[in-house]
Amino acid sequence: MTALLSRRIFLASTAALAFARPSFAATIKPDAKSALIVVDVQNCFVDGGTLPVKGGAQVVPVINKLAAAFENIVVTQDWHTPGHASFASTHAGKKPFETTQMPYGTQVLWPDHCVQGSDDAALLKDLKLPTAQLIVRKGFHKDVDSYSAFEEADRKTATGLAAYLKARGIDTVFVTGLATDFCVAWTAMDARKLGFNVYVIEDATRGIDLNGSLAAAWKQMTEAGVKRIQSGDIA
Ligand code: VGL
Ligand code: ZN
């Protein structure tokens, strides 16, 4: 073997070592039956918006990068009427972050947010998902909230997302976006209930954490079989 050739082999193997992933790091490769769900990455949920989630905008570069690994991408938007039932201002004497009883159960009351057609309800302009195929809007019935992208808070009215995904042969969803403990968690839990394999990509989400809601959401999701992963786990 010439000195030059052996040096080449040496360089090539060092390079291979440098780029090899440690064998214990499981990589997950989304396939044609997988969809990335990007929940509510809207102006309302970041600094300057009406219901800002701490660090909300930080999910954008993570999600933009993840998108390259997915053939199927669905985006959601919280899309409320003016005077929506989930707004504290709709209920006399109520303040944001208090609760009220609705026919469908306890409702957290929020500041007015994500009103249909407003700049506040627009997707973040830095979110770059040119290959996204569907935008699901939710929470547009004045008297019913919808944290989940699948089913409204009355637990009866479907958004149509499950039927869409099933019609397209999708069996696995990777949930990202805002907020971890509300719309992301409810979307992930409903996806499990509907029979999908479900991953939540933690570093592509941020939580509101109202009275311990973030830890509670992770506990519920984990118990329901939702897999908690990081963006680096995706090939
Ligand atoms: C959300 C509170 C109210 C969310 C939406 O996207 O997590 N949270 N509306
Ligand atoms: Zn909302």
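Our next topic: the sheet that holds strand 7 (residues 197-206). Strand order in the open sheet made by the six strands is 5-2-1-6-7-8, with parallel pairing throughout. On the outer flanks of this sheet lie strand 5 (134-138) and strand 8 (227-229), each paired with one strand and no other. Between one strand axis and the next, the sheet turns by 25° as a mean value, whatever way the strands run. Sheet topology places strand 6 (residues 172-178) next to strand 7; six bridges connect them, and they run parallel. Looking across to strand 7, one finds that Phe174 is bridged to Tyr199. Sheet strands touched by helix 4 (residues 180-193): strand 1 (34-39), strand 5, strand 6 and strand 7. Its angle to strand 6, the strand with the most contacts, is close to 170°.

This part is about the site of ligand 1. Near ligand 1 the following residues occur: Asp40, Phe45, Leu51, Asp78, Trp110, His113, Tyr147, Leu178, Ala179, Phe182, Cys183 and Ile208. Between Asp40 and ligand 1, the recorded distance is 2.7 Å, taken from a side-chain N or O atom to an oxygen atom. Backbone polar atom of Ala179 to an oxygen atom of ligand 1: 3.0 Å apart, as the coordinates give it. Using a 2 Å cut-off from the grid points, one finds that ligand 1 occupies the largest cavity. Along the lines of polarity and charge, the residues of the shell around ligand 1 split into nine nonpolar, one polar and two charged.

Each regular strand displays side chains that alternate between the two surfaces of the sheet. Among the seven residues that make up strand 2 (residues 72-78), seven are buried, leaving the element largely enclosed by the rest of the structure. Across the two faces of strand 2 the burial is the same, with Asn72, Val74, Thr76 and Asp78 and Ile73, Val75 and Gln77 all buried. Note that strand 1 and strand 2 share five bridges and pair parallel. Looking across to strand 2, one finds that Val39 is bridged to Thr76. Taking the sense of rotation as the criterion, the β-α-β connection linking strand 1, helix 2 (residues 59-66) and strand 2 turns out right-handed. When strand 2 meets strand 5, the two strands line up parallel, connected through five bridges. If you follow Asp78 over to strand 5, its bridge partner there is Lys138.

On to the coordination of the zinc ion (ligand 2). Surrounding the zinc ion (ligand 2) are the protein donor atoms Asp78 (OD), His80 (NE2) and His113 (NE2), at 2.0 to 2.1 Å. Around the zinc ion (ligand 2), the four donor atoms sit at angles spanning 86 to 172°, and that spread fits a shape best called irregular. In primary-sequence terms, the residues that donate to the zinc ion (ligand 2) follow D-x1-H-x32-H. With a gap of 35 residues between them, Asp78 in strand 2 and His113 in the loop between strand 4 (105-108) and strand 5 connect regions that are remote in the sequence. Per residue, the accessibility class of Asp78 equals that of His113, and both read buried.

Take the state of the cysteines next. One pass over the full model with this rule turns up one disulfide. Between the sulfur of Cys44 and that of Cys114 lies a disulfide, 2.0 Å long from S to S. Between Cys44 and Cys114 the disulfide shows an S-S torsion of about 100°. By sign, it is right-handed. With Cys44 in the loop between strand 1 and helix 2 and Cys114 in the loop between strand 4 and strand 5, the pair connects residues that are 70 residues apart, well separated along the chain. Among the residues examined, Cys44 registers a relative accessible area of 0% and is labelled buried.

What counts, and at which threshold
Residues numbered from 1 in each chain as written. Chains lettered and ligands numbered in written order. Predicted model: local features only at pLDDT ≥ 70, side-chain atom pairs only at ≥ 80, totals over all residues. Heavy atoms only, no water. Pairing = 2+ DSSP bridges. Helix = DSSP H or I, 4+ residues; strand = E, 2+ residues; numbered from the N terminus. Axes fitted to C-alpha atoms, helices over the stretch in contact; angles between N-to-C directions. Contact = heavy atoms within 4.5 Å. Near = heavy atom within 4 Å. Polar contact = N/O pair within 3.5 Å; in protein donor to acceptor, adjacent residues only side chain to side chain. 1 Å grid on protein atoms, 1.4 Å probe; cavity = no way out; pocket = protein on both sides within 12 Å on 5 of 7 lines; lining within 4 Å. Sits in = over half its atoms within 2 Å of the grid points. Nonpolar A, V, L, I, M, F, W, Y, C, P; charged D, E, K, R; others polar. Buried < 20%, exposed > 50% of the residue type's maximum accessible area, 1.4 Å probe, protein only. Right-handed = clockwise from strand over helix to strand, strands pointing away. Donors = N, O, S within 2.8 Å, 3.2 Å for Na, K, Ca; no water. Tetrahedral: all angles 85-135°; square planar, octahedral: opposite > 155°, others 65-115°. Disulfide = S-S within 2.5 Å.

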